[in-house]
Amino acid sequence: MNSEQIAVIALGGNLSFDQNPPEVTLRNAVRELSDRGLVIRGESRFFTTPCFPAGAGPDYINAAISINTKLSPVALLALLHEVEAKFGRARAQRWGMRTLDLDLVCYGGEVLPDRAGYQAWLQLEPARQAELAPDRLILPHPRLQERGFVLVPMADVAPDWRHPVSGLTVREMLAALPAEDLAEIRPV
């Protein structure tokens with residue numbers, strides 16, 4: 001891809017890495033992404049989110065950044081995986097505890113692999129979501145509109161981004177979530 005695109009990356013972690021707490025790991029990961037050529041346009045506040053299910057582990061620290069990049073979505077995802085690995089991310093368990101999670105939430109208004117492929121992941125039953133990992137990049141993130149821990153920080157950096165399928169802005173998706181889903185997401 002030749003033209004520069006705006007993308008949003010969600011960051012999270014709940015395990016220490018190299019004797020540093022998750023907040024330090026997230027800050028170091030943002031610096032690493034910048035060092036690798038991503039132009040950081042905005043950084044959210046850090047938020048604490050309870051581990052799910054309750055008591056299953058330490059609370060998560062979540063954040064989001066908006067970036068400018070000339071990388072394709074697939075190349076950007078590969079870069080995110082490299083940075084995760086540098087900070088001790090092991091992909092042993094889907095939705096498990098981790099030192100660093102970097103999710104490409106959106107890439108401009110792109111829908112990947114296509115609308116039909118996106119809709120298939122969007123409509124996947126929750127039990128299947130926990131079992132299956134996509135074999136290709138799905139954009140926007142198919143669970144974005146359900147995840148307060150992504151939308152709350154994303155509202156700091158891209159509140160007016162409009163979902164290319166639903167047509168809703170980040171603010172509108174956030175307002176649609178039940179208050180109890182958002183009550184435990186607190187700024188650090």
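Since we're looking at a predicted model, the values are computed, not measured.

A.B. asks: Is there a simple way to explain empty space enclosed by the protein in this structure?
C.D. replies: The tally for this structure, following the rule as stated, stands at one cavity of 30 Å³ or more. One number sums up the size of the largest cavity: a volume of about 40 Å³. Lining the largest cavity, in full, are Ala 10, Asp 103, Val 105, His 141, Leu 144, Arg 147 and Val 150. Within the lining of the largest cavity, the residues separate by chemical class into four nonpolar, one polar and two charged.

A.B. asks: Explain the packing of helix H1 (residues 22–35) against helix H2 (residues 73–86) here, please?
C.D. replies: In a pair of packed helices, the angle between the axes and the distance between the axes together describe the arrangement. Contact pair H1 / H2: the axes reach a minimum separation of 10 Å and the direction vectors enclose 135°. Here H1 is positioned oblique relative to H2, judged by the angle of their axes. Seen along the crossing, H1 lies across H2 with a hand that is right-handed. Within the contact between the two elements, H1 uses Ala 29, Glu 32 and Leu 33 and H2 uses Leu 79, Leu 80, Val 83 and Lys 86. When its residues are assigned to classes, the contact of H1 with H2 shows five nonpolar, no polar and two charged.

A.B. asks: What's the story with unusual backbone geometry in this structure? I'm lost.
C.D. replies: When glycine is set aside, most residues are seen to have a negative phi, and most peptide bonds are trans. Following Leu 112, the chain continues into Pro 113 via a peptide bond in cis, with omega recorded as 0°. Looking at the secondary structure, you find Pro 113 in the loop between strand E5 (101–107) and helix H3 (115–122). A positive phi angle is found at Asp 18, which is not glycine, with a value near 55°. Note on placement: Asp 18 falls in the loop between strand E1 (5–13) and H1. On the accessibility criterion, Asp 18 (59% relative accessible area) is exposed.

A.B. asks: I'm lost on the nonpolar core in this one. Help?
C.D. replies: Burial of nonpolar side chains together is a common tendency in soluble globular proteins. Ranked by size, the top nonpolar core spans 25 residues in total, and within it Ile 9, Leu 33, Leu 76, Val 83, Leu 102 and Leu 104 carry the most contacts. Elements represented by at least two residues in this core include exactly E1, H1, strand E4 (60–69), H2 and E5. With residues up to four places along the chain from it excluded, the contact list for Leu 102 reads Ile 9, Ala 10, Leu 11, Leu 33, Leu 80, Val 83 and Glu 84. Residues Phe 47, Val 152, Trp 161 and Val 170 belong to the second largest nonpolar core, which totals 19 residues.

A.B. asks: What's the story with the packing of aromatic side chains in this structure? I'm lost.
C.D. replies: The geometry of an aromatic ring pair is captured by two quantities: the separation of the ring centres and the angle between the planes. By the definition in use, this model includes one aromatic pair. For the ring pair Phe 17 and Phe 87, a centre distance of 5.9 Å and an interplane angle of 70° mean the geometry is edge-to-face. With Phe 17 in the loop between E1 and H1 and Phe 87 in the loop between H2 and E5, this pair connects stretches of sequence that are 70 residues apart. When the ring centre of Phe 46 is taken as reference, the NZ or CZ atom of Arg 27 above it lies at 4.3 Å.

The rules behind these values
- Sequence order as written defines the numbering, with residues in each chain counted from 1.
- Totals for whole chains, interfaces and linings use all residues, but because this is a predicted model, local features are given only for residues with pLDDT of at least 70 and pairs of side-chain atoms are given and counted only at 80 or more.
- For side-chain calculations, the full set of non-hydrogen atoms in the structure is used, while hydrogens and water are omitted.
- Cavities and pockets were defined on a 1 Å grid built from protein atoms only: a cavity is a group of points that admits a 1.4 Å probe but offers it no way out, a pocket is an open group of points flanked by protein on both sides within 12 Å along at least five of seven lines, and a lining residue is one with an atom within 4 Å of any such point.
- Grid points are joined across faces, edges and corners, and a volume is the space filled by probe spheres set on the points.
- When residue character is reported, Ala, Val, Leu, Ile, Met, Phe, Trp, Tyr, Cys and Pro are called nonpolar, Asp, Glu, Lys and Arg charged, and the others, Gly included, polar.
- The axes are straight lines fitted to the C-alpha atoms, using for helices just the contacting stretch, and the angles between their N-to-C directions are given from 0 to 180°.
- Helix numbering and strand numbering both begin at the N terminus, where a helix is a DSSP run of H or I of at least 4 residues and a strand a DSSP run of E of at least 2.
- What sets the label is the angle itself: under 35 degrees gives roughly parallel, over 145 gives roughly antiparallel, 65 to 115 gives roughly perpendicular, and the rest give oblique.
- Left-handed describes a crossing whose near helix is turned anticlockwise from the far helix by less than a right angle; the clockwise case is right-handed.
- What makes two residues a contact is simply this: any of their non-hydrogen atoms within 4.5 Å.
- The buried label applies to any residue whose accessible area, calculated with a 1.4 Å probe on protein chains only, is under 20% of its type's maximum; exposed applies above 50%, and partly exposed to all values in between.
- The term nonpolar core refers to a set of buried residues drawn from Ala, Val, Leu, Ile, Met, Phe, Trp, Tyr and Cys, joined through side-chain atoms within 4.5 Å.
- Here is the rule: rings of Phe, Tyr and Trp (six-membered ring for Trp) pair when centre to centre is within 6.5 Å. Planes less than 30 degrees apart are stacked, more than 60 are edge-to-face, and the remainder are tilted.
- Over a ring means this: the NZ of a Lys or the CZ of an Arg is within 6 Å of the ring centre and within 35 degrees of the ring normal.

Any functional reading would require information that these geometric values do not contain.
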